[in-house]
Amino acid sequence: MIKTNNRLLEIYVEWEDKLDKDEWYFDNSFQSITKEMSPEEAFNFIPNVIEVLFELDDDFLVWETLYFLIELYILADTTEIHPLLESNWSVLTNHIKKYEDSYTTPFKELKRHLRITT
């Protein structure tokens, strides 16, 4: 296991209150992490997001985080599946299946972006 980035973890602390004050809270927070990232840094950040996804148990948070993962792939300018994601794909799929909204929309978009057909 990797040590997840503290800046990323901070986003989820008291997120409801922060979201009440700023409807763009997640977008703004994720952009504060990625604003200076090179494509290589974005690709190397992907394991942090995967680790967080495994820990989340709220459909809304899974939804937001999946879109952040897609954004990292866009910034990385690649459809190469990160080795950590590849080795944990079935586990992640099973985890996200528990969250109907996230599974039907952003997860399918992630699969389409990465050209995963299964």
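Residues numbered from 1 in each chain as written. Predicted model: local features only at pLDDT ≥ 70, side-chain atom pairs only at ≥ 80, totals over all residues. Heavy atoms only, no water.

**Topic: the overall build of the protein**
Piece 1. On a plain count of helices and strands, the protein comes out with nine helices and zero strands.
Piece 2. Along the protein, helices and strands appear, N-terminal first, in the series α-α-α-α-α-α-α-α-α.
Piece 3. The C-alpha radius of gyration of the protein comes to 14 Å, within 12% of the 13 Å expected for a compact globule of 118 residues.
Piece 4. By principal-axis analysis of the C-alpha atoms, the protein measures approximately 40 × 35 × 25 Å.
Piece 5. Expressed as a percentage of the 118 residues in the protein, the buried residues total 44%. (Helix = DSSP H or I, 4+ residues; strand = E, 2+ residues; numbered from the N terminus. Rg over C-alpha atoms; globule rule 2.2 N^0.38 Å. Buried < 20%, exposed > 50% of the residue type's maximum accessible area, 1.4 Å probe, protein only.)

**Section: the side chain of S102**
Piece 1. Structurally, S102 is set in helix α8 (residues 100–104).
Piece 2. Within the structure, S102 has its side chain in polar contact with the backbone nitrogen of W63 (distance 3.0 Å).
Piece 3. Discounting residues that sit within four places of it in the chain, S102 has contacts with D59, V62, W63, L66, I96 and F107. (Polar contact = N/O pair within 3.5 Å; in protein donor to acceptor, adjacent residues only side chain to side chain. Contact = heavy atoms within 4.5 Å.)

**Describing a negative patch on the surface**
Piece 1. Side chains of E14, E16, D17 and D20 sit close together on the surface and give a patch of like negative charge.
Piece 2. By the secondary structure assignment, E16 is in helix α2 (residues 15–21). (Patch = residues over 30% accessible without salt bridge, like charges linked within 9 Å, V, L, I, M, F, W, Y side chains within 5 Å. Areas by Shrake-Rupley, 256 points an atom, 1.4 Å probe, with all protein chains shown as cover. Salt bridge = Lys/Arg side-chain N within 4 Å of Asp/Glu carboxyl O. Lys, Arg positive; Asp, Glu negative; His and termini not counted. Charge placed at Lys NZ, Arg CZ, Asp CG, Glu CD.)

**Let's talk about the packing of helix α7 (residues 89–96) against helix α9 (residues 106–113)**
Piece 1. It is the contact of α7 with α9, at a shortest axis distance of 11 Å, that shows an interaxial angle of 155°. The angle between α7 and α9 falls in the class roughly antiparallel. Considering only the axes of α7 and α9, their crossing is left-handed. Where α7 approaches α9, its residues W89, T93 and I96 are matched on the opposing element by F107, L110 and K111.
Piece 2. Looking at side-chain class alone, the contact of α7 with α9 contains four nonpolar, one polar and one charged residues. (Axes fitted to C-alpha atoms, helices over the stretch in contact; angles between N-to-C directions. Parallel < 35°, antiparallel > 145°, perpendicular 65-115°, else oblique. Left-handed = near helix turned anticlockwise from the far one by under 90°. Nonpolar A, V, L, I, M, F, W, Y, C, P; charged D, E, K, R; others polar.)

**Comments concerning unusual backbone geometry**
Piece 1. Even without being glycine, D77 reaches a positive phi, approximately 55°.
Piece 2. Summarising the element assignment, D77 is placed in the loop between α5 (59–76) and α6 (83–87).

**Regarding the nonpolar core**
Piece 1. Within the largest apolar cluster, 37 residues are counted, with the highest numbers of intra-cluster contacts made by L8, Y12 and L110.
Piece 2. Contributing elements (two or more residues each) for this core: α1 (6–11), α3 (25–34), α4 (39–55), α5, α7 and α9.
Piece 3. Once residues within four sequence positions are removed from consideration, Y12 is found in contact with F26, F30, V52, L56, L61 and T65. (Core = buried A, V, L, I, M, F, W, Y, C linked by side-chain atoms within 4.5 Å.)

**Side note on the layout of surface pockets**
Piece 1. Roughly 180 Å³ of internal volume is contained in the largest pocket.
Piece 2. What lines the largest pocket is simply F26, D27, F30, Q31, T34, E64, Y67, F68, E71 and L75.
Piece 3. Elements represented by at least two residues in the lining of the largest pocket include exactly α3 and α5.
Piece 4. Considered class by class, the residues forming the lining of the largest pocket number five nonpolar, two polar and three charged. (1 Å grid on protein atoms, 1.4 Å probe; cavity = no way out; pocket = protein on both sides within 12 Å on 5 of 7 lines; lining within 4 Å. Points joined across faces, edges and corners; volume = space filled by probe spheres on them.)

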